[in-house]
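Here is how the chains run, residue by residue.
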Amino acid sequence: MGKDRIRIAGADVAVVGGSIAGCATALAAHRAGAGRVTVYERTAGRLADRGVGLAVHNARYAELAAAGYLDTAMPWVQLATRRWYVRDGAGPLGRQIGALPFPFRSYCWGPLWQELRRRLPEDTVFRSGVRVDAVSDAADGAGVHLGGGEGSGAAEGGAGSGERRGADGSSRRTERFDLVIGADGYRSVVRETAFPGVRPSYAGYLAWRGAVPADRLTELGFPGLPADPWAEEDCIYGVFPGGHVIIYRIPDGQGGQRANWVLYTAPPAGLDLGLDTPTSLPPGTLTDALYAHFAYVTDELLPPYWGGLMRLTPRQEVFIQPMYDFSAARYTAGRLLLAGDAATVARPHTGAGAVKALQDAAALETALRAVPERPDALAAYGAERGTTGRSMVELGRRLGRTLVQDTPDWRTLDQAGLEAAWAAADGSGAFGGRELKS
């Protein structure tokens, strides 16, 4: 592999990004025999407080549990069935047009991250509030170039470091490593070095996201409905022309539950949100125009109960995730590796975002362990995971067309019609993620 040849035993490894993908890949590096692992996370706040949901297919859970990346100590809710509802005057819940199996475990992002973080060895250097401006790659090592900000002046971690000055005269520090893993999301600085100028492309619509404490659902109070009218194992699809909402229960990490919801639809026509450059609208930044559109969808297009449930989320807690597509040509470039959303961004319709990040970590661990006997193991990791990533991007596009961009007339569908529409969208059967190869 030339300059790509890396000794894993005792290696100094940097992980850029400290979220779920970052913690998982840091764990992979430790298990493969790295000497020291340093994680750089730009967020200074408590990641454990993030309350959005995610779901893991039962079959993918079994594979990841066998690989040591998930276990029963991580709080979850077992889901079983997707029930599809339309608004047509049939009552607060709407009319159910059909049901499909949904063998998934649901998780809350923050508690899941916290459990992965706890599994990192004590000698892991985890540096919060540190901005990585860039990385570099050379035959004798990779550099992590730190910008100003909390923690950036610390000298912990790395095989070597040196200070330099930015154009504004501020202090910049470069730290050297044998290997740098980019787990820094769809705006990855590691990917920018590995594949300059390649950006995720905006798909043309948004995901509004929020969660509601389960004990607040009694506030909805629709006449004729019990206080809790949907089973714990049900995942709700509320569908309408041009979009849908997914609602399911997640653990809150404190013994209770939340109703997690994700609404997919296009923003109002003519509204320039500047989304061609990858970005997001975090809690507290929802504009009046976007919130008015959210209110219209929840009040006029969705069945009253499900729209009312979503409106229980305070406006300042709703955030928006624009939909992007991207998959790197390869996951490896010299001493730089990619994982998670830094490598592939597939739309959440696939039900496999967190799954793919954890699979990347498990596959990376296997590849790093194999390097002494197989110098091409990291290239093989990049090729195999790249193939999986591209297939998930294509699945996300197909599901996006059916569920948002070119929706059928849901009101005309029955159980058989729903099954046919879903089969056409998920032709490969990859919903929930592809099998993790040994």
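Residues numbered from 1 in each chain as written. Predicted model: local features only at pLDDT ≥ 70, side-chain atom pairs only at ≥ 80, totals over all residues. Heavy atoms only, no water.

Caption draft 1: Structural view of the nonpolar core. Judged by nonpolar contacts, the single largest core of 147 residues is most densely connected at Trp-84, Val-180, Trp-208, Trp-261 and Leu-309. If one sorts the elements of this core by residue count, helix H7 (residues 353-370) sits on top with 11 residues. (Core = buried A, V, L, I, M, F, W, Y, C linked by side-chain atoms within 4.5 Å. Buried < 20%, exposed > 50% of the residue type's maximum accessible area, 1.4 Å probe, protein only. Helix = DSSP H or I, 4+ residues; strand = E, 2+ residues; numbered from the N terminus.)

Caption draft 2: Inspection of the sheet that holds strand E19 (residues 332-333) at higher detail. Here we have 6 strands laid out as an open sheet, ordered E8-E2-E1-E13-E20-E19, and mixed in their pairing. Strand pairing shows two members of the sheet lacking a second neighbour, strand E8 (125-128) and E19, which therefore form its edges. Relative to strand E2 (residues 36-41), strand E1 (residues 12-16) is paired through 5 bridges, and the arrangement is parallel. Bridged to Asp-12 within E2 is Arg-36. (Pairing = 2+ DSSP bridges.)

Caption draft 3: Structural detail: the packing of aromatic side chains. In this structure the tally under the stated criterion is 18 aromatic pairs. Consider the rings of Phe-102 and Phe-104, whose centres lie 4.2 Å apart with planes at 20°: the pair is stacked. Here Phe-102 matches Phe-104 in class, with each residue buried. Taken together, a centroid distance of 6.3 Å and an interplanar angle of 45° make the contact between Phe-102 and Phe-431 tilted. Taken together, the residues span a long stretch of sequence, with Phe-102 in the loop between strand E6 (95-101) and strand E7 (104-108) and Phe-431 in the segment after helix H9 (415-425) at a distance of 329 residues. Residue class for Phe-102 comes out buried when judged on its relative accessible area of 4%. (Phe/Tyr/Trp six-rings, centres within 6.5 Å; stacked < 30°, edge-to-face > 60°.)

Fair warning: the whole summary comes from geometry, so function is off the table for now.
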